[in-house]
Amino acid sequence: PCFLVQSPALGIKSQASVWLQRPRDSDTGANTSDENTFWLSEGGDHKEMLHNLYGLMHRLDQGAFTRIEIQSPENSDRFITLKDRLVRACQKSKG
């Protein structure tokens, strides 16, 4: 199942961590280049995030993850569509 969180946990083998934009190690204090860390956009473009969302979710569904944590977008007009799609995807993943 997937969950929207403020800051996805890093370094948990059975868990995928999804960021809105590519995280930097200096921002998170952890290694963000591991195989379980993903992002929707390289630089934070919300249109790129929307474009990449379903492809990444499908890829994660094919993985052996027991939990998927996705960084929740801020509550603003710019991210309203993305947040709606993420909420729907996470609800669907829970059955």
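Residues numbered from 1 in each chain as written. Predicted model: local features only at pLDDT ≥ 70, side-chain atom pairs only at ≥ 80, totals over all residues. Heavy atoms only, no water.

### As for the sheet that holds strand β4 (residues 67-71)
So the rule is basically this: Here, a strand pair is defined by DSSP locating no fewer than two bridges between the strands. Comment: elements are numbered from the N terminus, with helices defined as DSSP H or I runs of at least four residues and strands as E runs of at least two. Think of each axis as a best-fit line through the C-alpha atoms, taken over the contacting stretch in the case of a helix, with angles from 0 to 180 degrees between the N-to-C directions. Any two residues having at least one pair of non-hydrogen atoms within 4.5 Å are treated as being in contact.
Sheet architecture is open: four strands sit in the order β1-β4-β2-β3, paired in parallel fashion. Both outer strands of the open sheet, β1 (2-5) and β3 (37-41), are each paired with one neighbouring strand and no more. Strand after strand, the sheet turns through a mean of 25° between neighbouring axes, direction not considered. Packing against the sheet, helix α3 (residues 80-93) makes contact with β1, β2 (15-21), β3 and β4, and its axis sits at approximately 145° to β1.

### As for the pairing of β2
Two faces belong to every sheet, and in a regular strand the side chains alternate between them. Inclusion rule: Each residue gets one of three labels from its accessible area relative to the maximum for its type: buried under 20%, exposed over 50%, partly exposed in between, using a 1.4 Å probe on protein chains only.
In terms of burial, β2 is largely enclosed, as six of its seven residues are buried. Two strands pair when backbone bridges link them, and β2 and β4 are joined in this way by four bridges, in the parallel orientation. If you follow valine 18 over to β4, its bridge partner there is isoleucine 70. Bridging between β2 and β3 involves four bridges; their strand directions are parallel. Its bridge partner lying in β3, valine 18 is registered against phenylalanine 38.

### A few points about the state of the cysteines
In a disulfide, the sulfur atoms of two cysteines are covalently bonded to one another. Which entries qualify depends on this criterion: Cysteine sulfurs are considered disulfide-paired once they come within 2.5 Å of each other.
Scanning all chains against the criterion turns up one disulfide. The disulfide partner of cysteine 2 is cysteine 90, and the gap between their sulfur atoms is 2.1 Å. Residues cysteine 2 and cysteine 90 are joined through a disulfide that is left-handed, its torsion about the S-S bond being -130°. In this pair, cysteine 2 is assigned in strand β1 and cysteine 90 in helix α3, connecting sequence segments 88 residues apart. With respect to class, cysteine 2 is no different from cysteine 90; both count as buried.

### What to know about the packing of helix α2 (residues 46-62) against α3
The condition that has to hold: If an angle is under 35 degrees, it is roughly parallel; if it is over 145, roughly antiparallel; if it lies from 65 to 115, roughly perpendicular; otherwise it is oblique. Each residue gets one label: Ala, Val, Leu, Ile, Met, Phe, Trp, Tyr, Cys and Pro are nonpolar, Asp, Glu, Lys and Arg are charged, and the others, such as Gly, are polar.
Where α2 meets α3, the axes come as close as 10 Å, and the angle between the chain directions of the two elements is 10°. If you check the angle between α2 and α3, you find them roughly parallel. Within the contact between the two elements, α2 uses Met49, Leu50, Leu53, Tyr54 and Met57 and α3 uses Thr81, Leu82, Arg85, Leu86 and Ala89. Classifying every residue of the contact of α2 with α3 by side-chain character gives eight nonpolar, one polar and one charged.

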